[in-house]
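# Architecture at a glance
These are the residues of each chain, in order.
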Amino acid sequence: MALDFTNFARIFSVAMLLMAAATSVAYADDDDDDYKFNVNNATWKSECGACHVAYPPGLLPAESWRAIMSGLARHFGSDASLDAASADEITAFLEKNADTGKHKLSDKPLLRITETRRFKSEHSEVAARHWKDPRVKSRANCGACHTTADSGDFSEDNVKIPR
Amino acid sequence: MLGTRGAGRGCSGLSTNLLDCVRDKFIFDAELPIHKLLNVTSIFEETWMLRAISVFGLVITAAGLLVNPAYAETPVEVLAALKTEASATPGFQGFSATHGESFFKTKHSHDLSCSSCHTDNPAAQGKHAETDKLIKPLAPAANPERFTDMKKVAKWFKRNCNDVLDRECTPQEKGDVLAYLLTVPKN
């Protein structure tokens, strides 16, 4: 009995320690990778990266991606229509890696990353003159400032505003 | 290899070259000296050299097929497919690189032309008119990946024509554009 209990306690504490370690690693990872997004899908990268930087799935909620994917023939003024097989694969990838944060529910899902509250708060310190810079041209031109946008890395360390 | 593409004047035997073949088979601008534009005349006038090149090309092609079939189609095959399509239209007379060039550079709807993104020199790097994203050269001489995948070509003709003309391009227009792009020399 006593022996069993000691054993149990031992196993239990080791298990707890392991769990704690695993959790803290997960958190540490989360911190580092907050702005490094999953961009590992070749179809998505070539199709959605042809006209602009391929905007990482983690920047919009799944409902927004679904709305974008169902309107590609009239996509922000461009025809971005796609064959059904590629579209299905891309939609699945976007949904799986979408932003899962809390979002204010609205009747219509936002289609622009640049109109999300998150984008606005992350860029609150960027002065108006930078947005108007012809080298930036559009807020959606992430790559003008995020030098590693192509690889899905939007961390602050790799930001360089053209001046 | 080169000689098997067709029996037209420019396409028989080893003594001719692919570009003459393209011109004779697909393009009716007789004045258009494609081979001069591309500056390959001197090489192809030397028959022995052409032979050597053909054999070399065969070896490379065979090796390429064995190792990795990099390209599904060649620009000439794409042009041939467009010609088949266009031939269904009554009065079709062949493709014109001259028409293709003016079509490419003319602004249609929305103040847009093909040049708006691909520039007036399709052998140069282009830039998306709205997003500034860089676009690799469109002319096959400058970018061998172009017009080597029928599905990709069809996809972009559909999209870009819709953007620039608010409609799809006709087979004639597409063929004219490709005929033009094939005459654009490497920078």
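Residues numbered from 1 in each chain as written. Chains lettered and ligands numbered in written order. Predicted model: local features only at pLDDT ≥ 70, side-chain atom pairs only at ≥ 80, totals over all residues. Heavy atoms only, no water.

### Looking at the overall build of chain A
Going by this rule: Labels follow the DSSP assignment, with helices taken as runs of H or I lasting at least four residues and strands as runs of E lasting at least two, numbered in each case from the N terminus. Each residue is placed in one exposure class: buried if its accessible area under a 1.4 Å probe, protein chains only, is under 20% of its type's maximum, exposed if it is over 50%, and partly exposed if it falls in between. Methods summary: accessible areas were calculated by the Shrake-Rupley approach with a probe of 1.4 Å, and residue burial reflects only the protein chains presented.
On a plain count of helices and strands, chain A comes out with six helices and zero strands. The secondary structure elements of chain A, listed N-terminal to C-terminal, are α-α-α-α-α-α. Burial status across chain A gives 37% buried among its 163 residues. Roughly 11000 Å² of accessible area belongs to chain A as shown, and the carbon and sulfur atoms make up 57% of that amount.

### What about the interface of chain B and chain A?
Interface extent is often summarised as the accessible area lost during association of the parts. The line we're drawing: Here a residue-residue contact requires only that any non-hydrogen atoms of the pair lie within 4.5 Å. Defined in terms of a 1.4 Å probe, buried area is the accessible area two parts forfeit on being brought together, summed over both. Any Lys or Arg side-chain nitrogen located within 4 Å of an Asp or Glu carboxyl oxygen qualifies as a salt bridge. Side-chain atoms alone can form a polar contact between residues adjacent in sequence; in general such a contact is a pair of N or O atoms within 3.5 Å, and within protein one must be able to donate a hydrogen while the other accepts it.
At the interface, 12 residues of chain B touch 17 residues of chain A. Here chain B meets chain A over a buried area of about 1300 Å², counting both sides, of which 37% is carbon and sulfur. The tally of links between chain B and chain A comes to three salt bridges. Among the ionic pairs, Lys-155 of chain B bridges to Glu-47 of chain A, the shortest N-O distance being 2.8 Å. Remark: the boundary between chain B and chain A carries 10 residue pairs in polar contact (both at pLDDT 80 or more).

### Digging into the confidence of the model for chain B
All names here are of chain B. To be explicit about the condition: Every residue carries a pLDDT, the predictor's confidence in it, which falls somewhere between 0 and 100.
Mean pLDDT over chain B: 78, with 63% of residues reaching 70 or higher. Note that pLDDT drops below 50 for residues 30-45; the model gives that stretch 28 contacts with residues more than four away or on any other chain. Across residues 64-69, where pLDDT falls below 50, the model places one contact with residues more than four positions away in sequence or in other chains.

### Some thoughts on the packing of helix H5 (residues 75-87) of chain B against helix H9 (residues 171-183) of chain B
Helix-helix packing is characterised by the crossing angle of the two axes and by the distance between the axes. Residue and element names in this part refer to chain B. Quick note on the threshold: Fitted lines through C-alpha atoms give the axes, limited to the stretch in contact for helices. The angle between two N-to-C directions lies from 0 to 180 degrees. An angle below 35 degrees is treated as roughly parallel, one above 145 as roughly antiparallel, one from 65 to 115 as roughly perpendicular, and anything else as oblique. Two helices crossing with the near one rotated counterclockwise from the far one by less than a right angle form a left-handed crossing, whereas a clockwise rotation gives a right-handed crossing.
The geometry of H5 relative to H9 is characterised by a closest axis approach of 9 Å and an angle of 155 degrees between their N-to-C directions. Overall, the two elements H5 and H9 adopt an arrangement that is roughly antiparallel. Helix-helix and strand crossings are classified by hand; for H5 and H9 the assignment is left-handed. Taken together, the residues of H9 that come into contact with H5 (itself represented by Pro-75, Val-78, Leu-79, Leu-82, Glu-85 and Ala-86) are Pro-171, Gln-172, Lys-174, Gly-175, Leu-178, Ala-179 and Leu-182.

### A look at the packing of aromatic side chains
As a reminder, the rule being used: Working definition: a ring pair exists when centres of Phe, Tyr or Trp rings (six-membered ring for Trp) sit within 6.5 Å. Plane angles under 30 degrees give stacked, over 60 give edge-to-face, the rest tilted.
In this structure the tally under the stated criterion is six aromatic pairs over all chains. Plain terms: the ring middles of Phe-119 of chain A and Trp-131 of chain A are 6.1 Å apart, the flat faces sit at 40 degrees to each other, and that makes the pair tilted. Of this pair, Phe-119 of chain A sits in helix H5 (residues 117-122) while Trp-131 of chain A is found in helix H6 (residues 128-132), placing the two residues 12 residues apart along the sequence. Both residues of the pair, Phe-119 of chain A and Trp-131 of chain A, count as buried. Seen from their ring centres, Phe-147 of chain B and Phe-157 of chain B are 6.4 Å apart, and the 50 degrees between their planes marks the pair as tilted. With a gap of 10 residues between them, Phe-147 of chain B in the loop between strand S2 (134-135) and helix H8 (150-165) and Phe-157 of chain B in helix H8 connect regions that are remote in the sequence. Summarising the burial analysis for this pair, Phe-147 of chain B and Phe-157 of chain B share the class buried.

### Considering the confidence of the model for chain A
When pLDDT drops low, the exact placement of atoms in the prediction is not to be read closely. All names here are of chain A. Overall, the predicted model of chain A reaches an average pLDDT of 83, with 76% of residues at or above 70. Averaged over each element, pLDDT in chain A is lowest for helix H1 (residues 2-33) (49) and highest for helix H4 (residues 84-96) (97). Within the model, the stretch residues 20-32 combines pLDDT values under 50 with zero contacts to residues more than four positions away or in other chains.

### Observations concerning the pattern of salt bridges
Across all of its chains, the model carries 10 salt bridges over all chains by this definition. The shortest N-O distance in the salt bridge between Arg-118 of chain A and Asp-99 of chain A comes to 3.1 Å. Residue Arg-118 of chain A is located in helix H5, and its partner Asp-99 of chain A is located in the loop between H4 and H5; the two are separated by 19 residues in the primary sequence. Residue Glu-173 of chain B pairs with Arg-167 of chain B through a salt bridge whose shortest N-O separation is 2.8 Å. Overall, Glu-173 of chain B belongs to the buried group, its relative accessible area being 15%. Relative accessible area serves as the criterion here: at 35%, Arg-167 of chain B is assigned to the partly exposed category. Shared partners join several salt bridges into a network, and the residues in it are Glu-47 of chain A together with Lys-155 and Arg-159 of chain B.

### Here's the deal with the side chain of His-130 of chain A
Residues and elements named next belong to chain A. For His-130, the position within the fold is in helix H6. Owing to a relative accessible area of 8%, His-130 belongs among the buried residues under this scheme. What His-130 contacts, discounting residues up to four positions off in sequence, is Val-136, Ile-161, Pro-162 and Arg-163.

### Some details on the state of the cysteines
As a reminder of what qualifies: We call a pair of cysteine sulfur atoms a disulfide when they lie within 2.5 Å.
Counted according to the given criterion, the structure contains one disulfide over all chains. Cys-145 of chain A provides the cysteine sulfur closest to Cys-142 of chain A, a residue in no disulfide bond, and the two sulfurs are 8.9 Å apart. The exposure class assigned to Cys-142 of chain A is buried, which follows from its relative accessible area of 12%. The thiol sulfur of Cys-114 of chain B is not disulfide-bonded, and the nearest other cysteine sulfur, from Cys-161 of chain B, lies at 6.5 Å.

### Concerning the packing of helix H3 (residues 62-69) of chain A against H4 of chain A
All names here are of chain A. Where H3 meets H4, the closest approach of the two axes is 9 Å, and the angle between their N-to-C directions is 165 degrees. Accordingly, the angle class assigned to the pair H3 and H4 is roughly antiparallel. For the crossing formed where H3 meets H4, the hand is right-handed. Between H3, through Ala-62, Trp-65, Arg-66 and Met-69, and H4, the contact on the second element is made entirely by Ala-87, Ile-90, Thr-91, Leu-94 and Glu-95.

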